[in-house]
Structure formats: C-alpha cells, structure tokens
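Overview (structure and organization)
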Amino acid sequence: MDLVYDDSYYMKKALQEAELAFEKGEVPIGAIIVVNDRIIARAHNLTEQLTDVTAHAEMQAITAASNFLGGKYLQNCTLYVTLEPCQMCAGALYWSQISKIVYAAEDPHRGCGAMGTKLHPKTEILGGVLEKEASNLLKRFFIERRNLN
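Residues numbered from 1 in each chain as written. Predicted model: local features only at pLDDT ≥ 70, side-chain atom pairs only at ≥ 80, totals over all residues. Heavy atoms only, no water.

So the rule is basically this: UniProt positions are given in the numbering used here, feature names are shortened, and annotations may be inferred rather than shown by experiment.
Looking at an unreviewed UniProt entry, the chain carries the name tRNA-specific adenosine deaminase, with the source organism given as Maribacter arenosus. The record in UniProt for the chain states the following under Subunit (unreviewed entry): "Homodimer." Under the Catalytic activity (unreviewed entry) heading, UniProt states for the chain: "adenosine(34) in tRNA + H2O + H(+) = inosine(34) in tRNA + NH4(+)".

So this is what it looks like as structure tokens:
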C-alpha cells in the first residue's frame, strides 16, 4: 500500500524549514518541493546569511529540485511554501513550469496575487494551508526583531 500525504503534511515540512530560518535570524519562510510523494528539495530564506536579495526559500528550492531532477523544468512537482511567493519568485516559478504551488499565508502587499504577477497557465495555486501557523511564526519573528532594536 502506497502512502499518500496531504497538503498539510507537506506544509508542516515547509514550516520546519521556516523555523530553521527563524533560528538563523532570517525572515522565517520555508519551502519544499515534492514529486510523486517524495520531497526532492528543502530550503529556507538565506538572504542575510548569503547577503543576496535573491536567496528566497523558493529560489533555493527551485535550484535544489532542478539539480535533483537534472533539468530546469519542474513539471509534475508541487512547491509548498509558508508565504505566498513574491513577484521575483513567481517569475522563476513561471519559467520552471511547476505544476502546483501551495502556500500557507497570503502576502497582501508583496505577494504575486497582490502584484498581479502571472504564473504559468498550467500552474495550479492553492493558498491558506496552515495559514495560522505560518502567520504566527512571521508575527513572532517581527515582534522579536522590533524588540531587539
């Protein structure tokens, strides 16, 4: 009997990545990429550590998944990310031709939906999976950052 996991199972894995980012002082966003019920990439924000504005969790995950698959297209893959992708990440996801994007928390100011960014026409998108958990982690991070300054 094959095990089939649901979206919340994989989002919990992305939240674990976000926790790693939090521990490093990075904005706590985590991402994983799955194909055929197998996690092929795990990533979290590394913008501070790498001093690179493009080192978002999604970008790191896209690179890792492409390396794993040996090609640039992520067809039949699903990205699970704890915050709605920004315009830059959505552009990269467009070019990767990823099949599905599942995000936890919406980003009403910088998210691809708010920015009107187009995804690949065949990409399915689903939001709100474990939204409360992801939102609480982000809020906790920014409260702690404000209290440090």
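After presenting the structure, the write-up continues.
Here we look at the packing of aromatic side chains
Aromatic ring pairs: the centre-centre distance and the angle between the two ring planes describe each pair. Our working rule: When two rings of Phe, Tyr or Trp (its six-membered ring) have centres within 6.5 Å they constitute a pair, described as stacked for plane angles under 30 degrees, edge-to-face for angles over 60, and tilted for the intermediate range. The buried label applies to any residue whose accessible area, calculated with a 1.4 Å probe on protein chains only, is under 20% of its type's maximum; exposed applies above 50%, and partly exposed to all values in between. We call a charge positioned above a ring when the Lys NZ or Arg CZ atom is no farther than 6 Å from the ring centre and deviates by at most 35 degrees from the ring normal.
If you walk through the whole model with that rule in mind, you get 7 aromatic pairs. Aromatic side chains Y5 and Y10 sit 5.8 Å apart centroid to centroid with 80° between the ring planes, which places their arrangement in the edge-to-face category. Y5 sits in the partly exposed class, given a relative accessible area of 32%. For Y10, a relative accessible area of 2% translates into the label buried. Plain terms: the ring middles of F141 and F142 are 5.0 Å apart, the flat faces sit at 80° to each other, and that makes the pair edge-to-face. The exposure class assigned to F141 is buried, which follows from its relative accessible area of 5%. Three or more aromatic residues joined by ring pairs make a cluster, and in this case those are Y5, Y9, Y10 and Y80. Seen from the ring of F22, R140 lies directly overhead, with NZ or CZ sitting 4.4 Å from the centre.

Details of helix α2 (residues 57-69)
Here is the rule we go by: The way it works is that DSSP assigns letters per residue, a run of H or I at least four long becomes a helix, a run of E at least two long becomes a strand, and they are numbered from the N terminus. What a helix should span is 1.5 Å times the count of its residues minus one. What the arc measures is the spread of directions leading from the helix axis to the C-beta atoms. Throughout, a contact is declared for two residues whenever any of their heavy atoms are within 4.5 Å.
The end-to-end C-alpha distance of α2 is 18 Å, a good match for the 18 Å that 13 residues give at a rise of 1.5 Å each. Of the residues making up α2, those classed as buried are A57, E58, A61, I62, A65 and S66. Each buried residue of α2 sits inside an arc of 155° when the element is viewed along its axis, so together they form one side. The secondary structure elements touched by the buried residues of α2 are β1 (30-35), β2 (38-44), β3 (77-83) and α3 (87-96). Backbone geometry just after α2 places G70 at a positive phi near 75°.

Some words on the pattern of salt bridges
Inclusion rule: A pair is scored as a salt bridge if a Lys or Arg side-chain nitrogen falls within 4 Å of a carboxyl oxygen belonging to Asp or Glu.
Using the criterion set out here, one finds 3 salt bridges in the structure. Put simply, E19 and R140 hold a salt bridge, and the shortest N to O gap is 3.8 Å. With E19 in helix α1 (residues 7-23) and R140 in helix α5 (residues 131-148), this pair connects stretches of sequence that are 121 residues apart. Residue class for E19 comes out partly exposed when judged on its relative accessible area of 31%. The salt bridge involving E144 is made with R140; its shortest N-O contact spans 3.9 Å. In this pair, E144 and R140 both sit in helix α5, 4 residues apart, roughly one turn of the helix. Since its relative accessible area comes to 38%, R140 is described here as partly exposed. Through salt bridges with shared partners, a single network forms among E19, R140 and E144.

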